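Next come the chains, spelled out residue by residue.
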Amino acid sequence: MDRHVVALVLLCAGTAALLLAAAGLVVLPGPYLRLHALSPAATLGAPLVALALAVDTGPGRAAAKLLVIGLLLAAGGTVTTMAVARATVRAGRETRR
Amino acid sequence: MNAWLLAAAVLAVGGLGPCLLRGLRGEPQERLAGLNLAATVASTVLLLLAQGFSRTSYTDLALDLAVLAPAGTLVFTRFLAGKEH
């Protein structure tokens, strides 16, 4: 029972982080500020949701798989955020020239 | 409807909607940012749906998306960056 409560708290935190990131992507002005919305979703929101699912599943192979997916989302999101930032910087340099 | 399905529904509307909005207009780099966030949110929604429907094999979809979406985004950035000169 306690495990379920912990899972629900983690789920609420992760969902809130993802929703905030999505809102930030629309609300924040300018391409550089919008990039800031990408990293919290990948490094905080998605792993928190994966952790919540793993806690709810309980110890075992399924939980390990969920945690691996969370780690993959965090790593992949970080790498792609840096790649998009580099493309944005390069595009800004091209237009300034 | 349990908490997982509710969270999946909320994320599908409140998370994917803004990503689509950002992905449909603006500079190509900003669209790519929208696509990037949409991939993260979509794989989270798939994870939640798998738990909500108690079909653990469905998590493979989220795993595939988590592996393939960054590769696709990297290819897109490669195309956008063009040649260094």
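Because the structure is predicted, anything quoted here is derived from the model rather than measured.

With 23 residues, helix α4 (residues 59–81) of chain B extends 33 Å from end C-alpha to end C-alpha; this agrees with the ideal 33 Å at 1.5 Å per step. In α4 of chain B, a bend of some 25 degrees at Leu68 of chain B exceeds every other bend along the element, and Pro70 of chain B, a proline, comes one to four places later.

Time to look at the interface of chain B and chain A. With 38 residues of chain B at the interface, the matching set in chain A holds 40 residues. Where chain B packs against chain A, one counts 2 salt bridges. Residue Arg34 of chain A pairs with Glu30 of chain B through a salt bridge whose shortest N-O separation is 2.3 Å. One can count 8 residue pairs in polar contact (both at pLDDT 80 or more) joining chain B with chain A. Secondary-structure elements contributing two or more residues to the side of chain B that touches chain A are α1 (3–14), α2 (16–24), α3 (28–52) and α4 of chain B. By residue number, the principal contributor to the side of chain B that touches chain A is α3 of chain B, which donates 14 residues. Grouping the amino acids of the side of chain B that touches chain A by side-chain chemistry returns 20 nonpolar, 14 polar and 4 charged.

All names here are of chain B. On the surface, Leu35, Val75, Phe76 and Phe79 cluster together to form a nonpolar patch covering roughly 420 Å² of accessible area. Considering every element that reaches the nonpolar patch, the biggest residue donor is α4, with 3 residues. Mapped onto the elements of the fold, Leu35 is located in helix α3. Look at Leu35 and you get partly exposed, because its relative accessible area is 40%.

This part takes up the nonpolar core. Generally speaking, nonpolar side chains in soluble globular proteins are found buried as a group. Counting 38 residues, the largest nonpolar core has Leu11, Leu25 and Leu53 of chain A together with Trp4, Leu37, Leu47 and Leu48 of chain B as the members making the most contacts within it. Only α1 (2–27), α3 (38–57) and α4 (61–96) of chain A together with α1, α3 and α4 of chain B provide two or more residues apiece to this core. The element contributing the most residues to this core is α3 of chain A, with 9 residues.

Residues and elements named next belong to chain A. Within the element layout of this structure, Gly58 appears in the loop between α3 and α4. With relative accessibility at 8%, the residue Gly58 sits in the buried group. Sequence separation of Gly58 and His4 is 54 residues, and the distance between their C-alpha atoms is 9.8 Å. Residues in contact with Gly58, not counting those within four places in the same chain, are Arg3 and Ala63.

A word on the confidence of the model for chain B. Residue and element names in this part refer to chain B. Across chain B, the average pLDDT comes to 89, with 95% of residues at 70 or higher. Mean pLDDT per element in chain B: α2 is the minimum at 89, and α1 is the maximum at 92. Interface scoring of the predicted complex returns ipTM 0.89; its pTM is 0.91.

Locating Arg34 of chain A in the fold gives a position in helix α2 (residues 31–35). The contact partners of Arg34 of chain A, leaving out residues within four places of it in the chain, are Gly24, Leu25, Leu28 and Pro29 of chain A together with Arg22 and Glu30 of chain B.

What follows deals with the pattern of salt bridges. Under the counting rule described, the total for this entry stands at 3 salt bridges over all chains. Among the ionic pairs, Asp60 of chain B bridges to Lys65 of chain A, the shortest N-O distance being 2.4 Å. Of the two residues, Asp60 of chain B is situated in helix α4 and Lys65 of chain A in helix α4; the pairing between them involves two chains. Overall, Asp60 of chain B belongs to the partly exposed group, its relative accessible area being 35%. The class for Lys65 of chain A is partly exposed, based on a relative accessible area of 28%. Within the structure, one salt-bridge network assembled from shared partners comprises Arg34 of chain A together with Arg22 and Glu30 of chain B.

Rules behind the numbers
- Residues numbered from 1 in each chain as written.
- Chains lettered and ligands numbered in written order.
- Predicted model: local features only at pLDDT ≥ 70, side-chain atom pairs only at ≥ 80, totals over all residues.
- Heavy atoms only, no water.
- Helix = DSSP H or I, 4+ residues; strand = E, 2+ residues; numbered from the N terminus.
- Expected span 1.5 Å × (residues − 1).
- Bend = angle between axes of the 7 residues up to and from the residue.
- Contact = heavy atoms within 4.5 Å.
- Salt bridge = Lys/Arg side-chain N within 4 Å of Asp/Glu carboxyl O.
- Polar contact = N/O pair within 3.5 Å; in protein donor to acceptor, adjacent residues only side chain to side chain.
- Nonpolar A, V, L, I, M, F, W, Y, C, P; charged D, E, K, R; others polar.
- Patch = residues over 30% accessible without salt bridge, like charges linked within 9 Å, V, L, I, M, F, W, Y side chains within 5 Å.
- Areas by Shrake-Rupley, 256 points an atom, 1.4 Å probe, with all protein chains shown as cover.
- Buried < 20%, exposed > 50% of the residue type's maximum accessible area, 1.4 Å probe, protein only.
- Core = buried A, V, L, I, M, F, W, Y, C linked by side-chain atoms within 4.5 Å.
- pLDDT = per-residue confidence, 0-100.

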